[in-house]
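Residue-level structure breakdown
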Amino acid sequence: MSEPGRRTLARISTSLLPKVPELAEELCDLVWAAESEISAAVTLSRADLLRTCVVHLTEILGQLGTAEQLDLSVPADNGRERALQGIPLPAVLHGYRIGTQYIWSKLRAEADRIGEHARAALLDHADELWLGLDRYSEAFQESYRRTVAERARRSDQERAALLHVLITGTTDPGRLADAAEGLALPRVGRFHVVVADPENELDRSERRLRELGVHSVWRHTDEDRIGVLSLPKLDPHGLDQALSGGRVGVSPGYERIDETFAAVRLARLTAAGIEAGRDEVRHHGVQPVATLIAGAADIARDLADRLLGPLRELPEQDRVVLLDTAWRWYEHGGSTTETAKALYCHRNTVRYRMQRVEQLTGRSFSDPRHSAELFVALQALRLG
């Protein structure tokens, strides 16, 4: 900006400074009338908006025509304040657009009053003026979004801390009550704990549950996702579908929030009893053997190795075929015919393979106790 142009702009803006109180009143009325979300906000009064208009007009008019860089602390402070008040960003940006147009109109009117040379100087440097006003708006937006992000992080941390109290358990009823209240959970109601793989799409599950009238709070770690679900009085239709997307274990229902700690353990064991890679929502008690194995995984794997160890000496392809055939036989209720159909082979082939398993393990599929041991060993192997 040329020095003569700077002096002319300084004269225009300086002549408006004494009028800031009345200009601020007029601008405040325009914004208040044009933006319903601002005028209806509980956290923002007209007096607060008027104060903001005074500060902004004073700073902008005071800086126009100077060689100094615009001081963006005013819009930055306003951005933080409005974010903390919960005023919607589009509403405040609309207010800034109204303010920008208002300031420009007053500058033009003042330039017309001073004379042709003032009008020409203003028009010659219009681009620079609009750029400066845009920087004001950008500084506001950046501060607003940064504040919202900070609040979200802090809110997430607070929720995680409260949920930690429920998940890990406490003997302090006061802490428990505070945690439940902070998470918007009743102390007595209808609850389930859900444990899912860490890769599960949490946002999608939360949205689906909300649509079913289920309030849920979640904790996400590298190991798993844990959710506490507060159900409505009537069982929602489609709960399992809302939770689907990987391995998901669901605890038994419970009525007191202080029972959450015990429910977490059962949900974890239920989830751990689902084979890796499966997409299944499993409720506790549906597969009791798998849950028992998950609860004593090291012992189960050791026993499986001892019982099925002789099969390890076989070539890999033979070993895989025998183990898969035996497992399919259990999946099809001990029916050789159905197992053969599932494997696309003859029934005699299934019988031969099972006889080989019996010979190598010293266990018989026809003996109930032996058969149970084989089933547990196979289940442990698949979960390992």
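Residues numbered from 1 in each chain as written. Predicted model: local features only at pLDDT ≥ 70, side-chain atom pairs only at ≥ 80, totals over all residues. Heavy atoms only, no water.

A separate point is the pattern of salt bridges. Enumeration over the complete set of coordinates arrives at 25 salt bridges. The salt bridge partner of Lys 19 is Glu 110, with a shortest N-O separation of 3.8 Å. Taken as a pair, Lys 19 in the loop between helix H1 (3-16) and helix H2 (20-34) and Glu 110 in helix H6 (residues 89-114) lie far apart in primary sequence, 91 residues in all. Accessibility expressed as a relative area gives 32% for Lys 19, which makes it partly exposed. The residue Arg 328 makes a salt bridge to Asp 324 at a minimum N-O spacing of 3.7 Å. Of the two residues, Arg 328 and Asp 324 are both situated in helix H15 (residues 316-331); the distance of 4 residues between them amounts to about one turn of the helix. Overall, the relative accessible area of 25% leaves Arg 328 in the partly exposed class. Among the residues examined, Asp 324 registers a relative accessible area of 25% and is labelled partly exposed. (Salt bridge = Lys/Arg side-chain N within 4 Å of Asp/Glu carboxyl O. Helix = DSSP H or I, 4+ residues; strand = E, 2+ residues; numbered from the N terminus. Buried < 20%, exposed > 50% of the residue type's maximum accessible area, 1.4 Å probe, protein only.)

The next subject is H15. Between its first and last C-alpha atoms H15 spans 22 Å; for 16 residues at 1.5 Å apiece the expected length is 22 Å, and the two agree. When H15 is considered as a whole, its buried residues turn out to be Leu 322, Leu 323, Thr 325, Ala 326, Trp 327, Trp 329 and Tyr 330. As for H15, its buried residues are in contact with helix H14 (297-308), helix H16 (336-343), helix H17 (347-361) and helix H18 (368-383). Just downstream of H15, Gly 333 is the residue with a positive phi angle, here 65°. (Expected span 1.5 Å × (residues − 1). Contact = heavy atoms within 4.5 Å.)

A few words now on the nonpolar core. Counting residues in each nonpolar core, the largest one holds 42 residues, and the members touching the most others are Ile 12, Leu 27, Ile 38, Leu 57, Leu 107, Leu 122 and Phe 140. Breaking this core down by element, the ones donating at least two residues are H1, H2, helix H4 (46-63), helix H5 (73-85), H6, helix H7 (116-124) and helix H8 (126-168). Ranked by residue count, the leading element in this core is H6, at 12 residues. When residues no more than four places from it in sequence are discounted, the contact partners of Ile 38 are Val 31, Trp 32, Leu 44, Leu 49, Ile 87, Ala 91 and Val 92. Membership of the second largest hydrophobic core comes to 22 residues, among which are Leu 307, Leu 322, Val 357 and Ala 380. (Core = buried A, V, L, I, M, F, W, Y, C linked by side-chain atoms within 4.5 Å.)

Quick look at the side chain of Ser 137 now. Take Ser 137: it is sitting in helix H8. Using a relative accessible area of 16% as the deciding quantity, one classes Ser 137 as buried. Apart from the residues within four sequence positions on either side, Ser 137 is in contact with Leu 93 and Tyr 96.

Here Arg 159 lies in helix H8. The exposure class of Arg 159 is partly exposed, given its relative accessible area of 39%. Counting along the chain gives 21 residues from Arg 159 to Glu 138, while the straight-line C-alpha distance between them is 31 Å.

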